[in-house]
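Tertiary structure, described
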Amino acid sequence: MSRAFVKEDGGGRWEPSVTALYQLREVGDPEVLRQGDDLLELLHWLETRGRGGYELRDRHGLLLAQC
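A brief look at the structure comes next. From a predicted model like this one, the values you see are computed outputs, not experimental measurements.

Let's shift gears to the environment of Gln-35. Looking at the element boundaries, Gln-35 is found in strand S2 (residues 32–36). Along the chain, Gln-35 and Leu-21 lie 14 residues apart, while their C-alpha atoms are 7.6 Å from each other.

Written as structure tokens, this is what we have:
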């Protein structure tokens, strides 16, 4: 395997860095459902879900809104 794909500073799984401005998660769940830089697009996506239980967070994990 090419060394470009080997994580050298630990034995954990490699995960890409978060560059998106906003993240959508289910309340209490650390897993990101959707992320992006366009706030309106994410809010429209939430509207199509038809139920609550979501958190909108910034790229650092700060809670911005809960619905």
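Nonpolar side chains in soluble globular proteins tend to be buried together. Membership of the largest hydrophobic core is limited to six residues, which are Leu-24, Leu-42, Trp-45, Leu-46, Tyr-54 and Leu-56. Listing elements by their share of this core, those giving two or more residues are helix H1 (39–49) and strand S3 (54–58). The dominant element in this core, judged by the number of residues it contributes, is H1, at three residues. Excluding anything up to four places from it in sequence, Leu-46 contacts Leu-24, Tyr-54 and Cys-67.

Looking at the element boundaries, Leu-56 is found in strand S3. It is 6.9 Å that separates the C-alpha atoms of Leu-56 and Tyr-22, two residues lying 34 residues apart in sequence. Each residue touching Leu-56, except ones within four places of it in the same chain, is listed here: Tyr-22, Gln-23, Leu-24, Leu-39, Leu-62, Leu-63, Leu-64 and Ala-65.

Turning our eyes to something else, we now look at the pattern of salt bridges. Taken as a whole and judged by the stated rule, the model has three salt bridges. The closest approach of N and O atoms between Glu-41 and Arg-34, which form a salt bridge, is 2.8 Å. Of the residues examined, Glu-41 reaches a relative accessible area of 32% and is grouped as partly exposed.

Another aspect to go through is the packing of aromatic side chains. The geometry of an aromatic ring pair comes down to the distance between the two centres and the angle between the two planes. If you walk through the whole model with that rule in mind, you get one aromatic pair. Judged by centre distance (6.1 Å) and plane angle (70 degrees), the ring pair of Trp-45 and Tyr-54 falls under edge-to-face. Just as Trp-45 is buried, Tyr-54 falls in that class too.

Each value, and the rule that gives it
Residues numbered from 1 in each chain as written. Predicted model: local features only at pLDDT ≥ 70, side-chain atom pairs only at ≥ 80, totals over all residues. Heavy atoms only, no water. Helix = DSSP H or I, 4+ residues; strand = E, 2+ residues; numbered from the N terminus. Core = buried A, V, L, I, M, F, W, Y, C linked by side-chain atoms within 4.5 Å. Buried < 20%, exposed > 50% of the residue type's maximum accessible area, 1.4 Å probe, protein only. Contact = heavy atoms within 4.5 Å. Salt bridge = Lys/Arg side-chain N within 4 Å of Asp/Glu carboxyl O. Phe/Tyr/Trp six-rings, centres within 6.5 Å; stacked < 30°, edge-to-face > 60°.

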